[in-house]
Amino acid sequence: MQRGEKGLDFLRESILDPNAFVEEGFPPNIMPGNFGELLTDTEIETLVAYIANLDCRTP
Ligand code: HEM
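Our subject in this report is the structure included herewith. Here the structure is a predicted model, which is why all the values come from computation and not from measurement.

## Considering the coordination of the iron atom of the ligand
Right, on to step 1. Just one protein atom coordinates the iron atom of the ligand, and that atom is Met31 (SD), at 2.0 Å.
Right, on to step 2. Note on placement: Met31 falls in the loop between α1 (8–16) and α2 (35–38).

## Quick look at the packing of α1 against helix α3 (residues 41–52)
Right, on to step 1. The N-to-C vectors of α1 and α3 enclose an angle of 125°; their axes lie 9 Å apart at closest approach. On the basis of the axis angle, α1 is oblique to α3. For the element pair α1 and α3, the recorded crossing hand is right-handed. Between α1 and α3, the residues in contact are Leu8, Leu11, Arg12, Ile15 and Leu16 and Ile44, Glu45, Leu47, Val48, Ile51 and Ala52, respectively.
Right, on to step 2. Here the contact of α1 with α3 is built from residues that sort into 9 nonpolar, no polar and 2 charged.

Conventions adopted
- Positions within a chain are numbered from 1, following the residues in the order the chain's sequence is written.
- Confidence filtering applies because this is a predicted model: local features only for residues at pLDDT of at least 70, side-chain atom pairs given and counted only at 80 or more, and all residues used for totals across whole chains, interfaces and linings.
- Side-chain calculation: all heavy atoms of the structure are included, whereas hydrogens and water are not.
- Note that water is not among the atoms considered, so a metal site may appear incomplete; the donors listed are N, O and S atoms within 2.8 Å of the metal, with 3.2 Å applied to Na, K and Ca.
- Working definition: helices are DSSP H or I runs of at least four residues, strands are E runs of at least two. Numbering for both runs from the N terminus.
- To get an axis, fit a line to the C-alpha atoms, keeping to the stretch in contact for a helix; angles then go from 0 to 180 degrees between the N-to-C directions.
- Should an angle lie under 35 degrees it is considered roughly parallel, over 145 roughly antiparallel, and from 65 to 115 roughly perpendicular; all remaining angles are considered oblique.
- Should the near helix be turned anticlockwise from the far one by less than a right angle, the crossing is termed left-handed; should it be turned clockwise, right-handed.
- Any two residues whose heavy atoms approach within 4.5 Å are treated as being in contact.
- Residues are grouped as follows: Ala, Val, Leu, Ile, Met, Phe, Trp, Tyr, Cys and Pro are nonpolar; Asp, Glu, Lys and Arg are charged; every other residue, Gly included, is polar.

Written as structure tokens, this is what we have:
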């Protein structure tokens, strides 16, 4: 997966089911897998929108 190809669905999946795709260099099973139970749908969508709007480009 290339930078810039990670859309809203990918962000949502990464929060709700973190092991579905694990970024190279990271081991699986580190990120908690229960955010779907801890957060409301509105909180999830707010997080997704927030992360999607971050400017994380490296110089
Ligand atoms: C509300 C809290 C959190 C949010 C919104 C969140 C969101 C995300 C997202 C979107 C990714 C995918 C990044 C990518 O592949 O480009 C990710 C990956 C990751 N997160 Fe979290 N995270 C949270 C909490 C945590 C916590 C508490 C930990 C560990 C204690 C953690 C550990 C990791 C690790 C190690 C990865 C990389 C492995 C992978 O790609 O699945 N996260 N997180």
